[in-house]
Amino acid sequence: MKIVLVAGEASGDQLGAALIRAIHIKEPDIRFAGIGGPLMKAEGCDCWWNTSELSLMGLFEVVSHLPRLIKLRRQLVQRVVELQPDVFIGIDAPDFNLGVEKRLKEKSIPVIHYVSPTIWAWRSGRIKTITKSTDRVMCLFPFEPDCYRQSPVAADYTGHPLADAIDLEINTGPARAALGVEADSMCIALLPGSRMSEVEKLSSAMLDAANILGRRYPDISFLMPAATELIGHYLTSILHGYPGVNCRILSGQSKEVMAAANVVICASGTATLEVMLVNRPMVVCYRISGMTYSLMRWFKMLKTRFFSLPNILAGEQLVPELLQHEVTGQRIADEVVRWLERPELTDKLKQRFVALHKVLRIDAAATAANVVLRQIAGPDG
């Protein structure tokens, strides 16, 4: 049997490698090929191109590389059609993969898309494109298959790999020792995001909150992980404007920072899921350009009551969400104080987080491998 996989970024390479490993346990003789990174290659995937060929961010960068991407897609489709694999798996990267999948589906090659696009949050009309492009979607969240009920696309909940990777119980002690934080001190994590655009919009408000909290709790300290060297330089420069704030900027180490913190102030996104899995109370902040926000409101593009993953998963507001003009130092500080001074709320939240963690922790790689093998076997398999 032959399987072709295409991963468009580092996270896709991780998913692909885990999936290959899980499939090989069940079917050792399957051959894998496609586009992947070092992790997929280490698992035996014959990588025709490297994931870095598709790892582009920003409109200008994508447009400037468009001729090369179109050529790569044409060559990829040709190679897949010549190979005639038992199934093609596009891992995330929907802007690239769905176009490839559509062409392969038209050639009668079975297609699976791994990681559902966020049609539950915005651009729900994309389900029409997904329907034309793929036979099956493997979903990381339990509420996502419901989005496909009215479409001919099969959808399976396969669990989230982060939930498998993070223990159900995280002890603060080792993380604090590793980061040089005193065991009984009050420590707040500031996570302004992994993209410069997020950091520029959120970091000042977070440091304003740190300044307010520092006046209320003189011994409080703050940790701020920087996702990249460029972000680290930016955060260092603006921290000079807050001489009274006891804040350290770290290179990466976001999971350790989350584990060491009493409360986490973070940008909306995958980080909120990680904080939930590490089981820490949080304040979630989301800020976009005024024009984009106005367009989203005008066209009613946001389809959910909440924008943070813990609240979406729970179907209710477990953690505070601050949006646009609500993202101020005072509002953030007030929400942090609420967590710090009402321990009964924190205890209740942690119980809910553990329950949600268990829902997501179903051995994602093995579950996805079973779905892939069932797809290959067909209805009579």
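Just above, that's the structure.
Every residue gets a number counted from 1 within its own chain, in the order that chain's sequence is written. Whole-chain, interface and lining totals are the exception, using all residues; otherwise, since this is a predicted model, local features are given only for residues with pLDDT of at least 70 and side-chain atom pairs are given and counted only at 80 or more. Hydrogen atoms and water are omitted, and side-chain values are computed over all heavy atoms in the structure.

Peer 1: Would you mind showing me how to read helix α5 (residues 94-106) here?
Peer 2: Note on helix geometry: an α-helix contains 3.6 residues per turn, so any two residues three or four positions apart are oriented the same way. Helix and strand definitions here come from DSSP, where helices need a minimum of 4 consecutive H or I residues and strands a minimum of 2 consecutive E residues; each element is numbered from the N-terminal end. The span you would expect from a helix comes to 1.5 Å times its residue count less one. Between its terminal C-alpha atoms α5 stretches 17 Å, which fits the 18 Å expected from 13 residues at 1.5 Å a residue. For α5, the set of buried residues is F96, N97, L98, G99, V100, E101 and L104. We call two residues contacting when some pair of their heavy atoms lies within 4.5 Å. Elements that come into contact with the buried residues of α5 comprise β1 (2-7), α4 (66-83), β4 (87-91), β5 (111-114) and α6 (126-133). Relative accessibility thresholds used throughout: buried, under 20% of the residue-type maximum; exposed, over 50%; partly exposed, between the two (1.4 Å probe, protein chains only).

Peer 1: Would you explain the sheet that holds strand β12 (residues 282-286) in this entry?
Peer 2: Neighbouring strands of a sheet are bound in pairs by backbone hydrogen bonds; such pairs are parallel or else antiparallel. Two strands pair under a simple rule: DSSP has to find at least two bridges between them. An order of β10-β9-β8-β11-β12-β13 is seen for the 6 strands of this open sheet, with the pairing classed as parallel. Of all strands in the sheet, those bounded by a partner on one side alone are β10 (247-251) and β13 (321-323). Direction aside, neighbouring strands of the sheet carry axes that sit 20 degrees apart on average. Sheet topology places strand β9 (residues 221-226) next to β10; 5 bridges connect them, and they run parallel. Across the sheet, the residue bridging to M224 is I249, located in β10. Axes, fitted as lines to C-alpha atoms, cover a helix only where it is in contact. Angles between the N-to-C directions of the axes lie from 0 to 180 degrees. Contacting β8 (187-191), β9, β10, β11 (263-267) and β12, helix α9 (residues 196-216) crosses the sheet at an angle of about 155 degrees to β11.

Peer 1: Explain the packing of α4 against α5 here, please?
Peer 2: Two elements in contact, α4 and α5, have axes separated by 10 Å at closest approach and are oriented at 40 degrees. Taken together, the axes of α4 and α5 lie oblique to each other. Relative to α5, α4 is oriented so that their crossing is right-handed. In this structure, α4 contributes L69, L72, R73, L76, V77, V80 and V81 to the contact, and α5 contributes F96, G99, V100, R103 and L104. Basically, the charged four are Asp, Glu, Lys and Arg, the nonpolar ten are Ala, Val, Leu, Ile, Met, Phe, Trp, Tyr, Cys and Pro, and anything else, Gly included, counts as polar. Counted by class, the contact of α4 with α5 contains 9 nonpolar, 1 polar and 2 charged residues. Throughout, the term roughly parallel applies to angles under 35 degrees, roughly antiparallel to angles over 145, roughly perpendicular to angles from 65 to 115, and oblique to all others. The hand of a helix crossing depends on one turn: near helix anticlockwise from the far one by less than a right angle means left-handed, and clockwise means right-handed.

Peer 1: Explain the packing of aromatic side chains to me, please; I cannot follow it from the model alone.
Peer 2: By convention here, two paired aromatic rings are described through the distance between centres and the angle between planes. Note on ring pairs: Phe, Tyr and Trp rings are taken, using the six-membered ring of Trp, and paired if centres are within 6.5 Å. Classes follow the plane angle, with under 30 degrees stacked, over 60 edge-to-face and the rest tilted. This model, assessed by the stated rule, comprises 2 aromatic pairs. Judged by centre distance (5.7 Å) and plane angle (5 degrees), the ring pair of F141 and F143 falls under stacked. Relative accessible area serves as the criterion here: at 8%, F141 is assigned to the buried category. Seen in terms of ring centroids, Y286 and F307 are 5.4 Å apart; in terms of plane orientation they differ by 40 degrees. Their pairing is tilted.

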